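Fold and geometry: a report
Residue strings, one per chain:
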Amino acid sequence: MDKYLKAIKENVCTICVDSSEKGKCTLHKDETCAVEFYFPQIMEIIKDNYNSDKKIMLDKLRAKICVDCRAQNEEEFCYLREDANCSLDRYFNVIVDVVYKVDKGKL
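So, here is what we can say about the structure in this document. (Residues numbered from 1 in each chain as written. Predicted model: local features only at pLDDT ≥ 70, side-chain atom pairs only at ≥ 80, totals over all residues. Heavy atoms only, no water.)

Turning to the layout of surface pockets, a few remarks are in order. Considering only enclosed or pocket space, the largest pocket measures out at about 980 Å³ in volume. In terms of lining, the largest pocket is formed by 36 residues, of which the most central are Leu27, Thr32, Cys33, Ala34 and Ser87. Where the lining of the largest pocket is concerned, the elements lending two or more residues are α2 (34-37), α5 (79-82) and α6 (87-103). Across the lining of the largest pocket, the residue classes break down as 21 nonpolar, five polar and 10 charged. (1 Å grid on protein atoms, 1.4 Å probe; cavity = no way out; pocket = protein on both sides within 12 Å on 5 of 7 lines; lining within 4 Å. Points joined across faces, edges and corners; volume = space filled by probe spheres on them. Helix = DSSP H or I, 4+ residues; strand = E, 2+ residues; numbered from the N terminus. Nonpolar A, V, L, I, M, F, W, Y, C, P; charged D, E, K, R; others polar.)

We now examine the pattern of salt bridges. Per the stated rule, a full pass over the model turns up seven salt bridges. A salt bridge links lysine 6 to glutamate 10; its shortest N-O distance comes to 2.8 Å. Of the two residues, lysine 6 and glutamate 10 are both situated in helix α1 (residues 2-11); the distance of four residues between them amounts to about one turn of the helix. Using a relative accessible area of 51% as the deciding quantity, one classes lysine 6 as exposed. (Salt bridge = Lys/Arg side-chain N within 4 Å of Asp/Glu carboxyl O. Buried < 20%, exposed > 50% of the residue type's maximum accessible area, 1.4 Å probe, protein only.)

Our focus in this paragraph is the environment of phenylalanine 37. Considering the arrangement of structural elements, one finds phenylalanine 37 in helix α2. Remark: the alpha-carbon pair of phenylalanine 37 and asparagine 49, spanning 12 residues in sequence, is separated by 20 Å.

What follows concerns unusual backbone geometry. Positive phi values are uncommon outside glycine, yet asparagine 51 reaches one of about 65°. Of note, the phi angle at glutamate 76 is positive, near 70°, even though the residue is not glycine. Its place among the elements puts glutamate 76 in the loop between α4 (54-64) and α5. The exposure class assigned to glutamate 76 is exposed, which follows from its relative accessible area of 58%.

Dropping the structure here:
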């Protein structure tokens with residue numbers, strides 16, 4: 001699991017809107033990175049649906065993680081996702097690509 005998280009930090013965190021010019025996280029100590037917080041569940045979704053269409057994986061992500069997010073209401077509307085401010089939604093495709101590259105030995 002460490003190799004995946006390391007690859008995520010090198011390839012996703014560096015492009016995250018919450019990172020500095022040098023790719024360092026700028027979240028305050030009382031803020032939590034959703035990608036890191038939900039990383040075990042994200043990996044489970046990817047591994048359980050390996051080589052599935054990314055849309056299917058994204059639907060699984062929303063059913064497993066987003067359903068419990070306080071930013072999403074009962075009608076599944078998420079103000080963070082709507083404003084492109086949800087890191088899970090914004091970077092999920094990149095995360096999947098990074099996992100595949102790690103598995104293929106390309107990262």
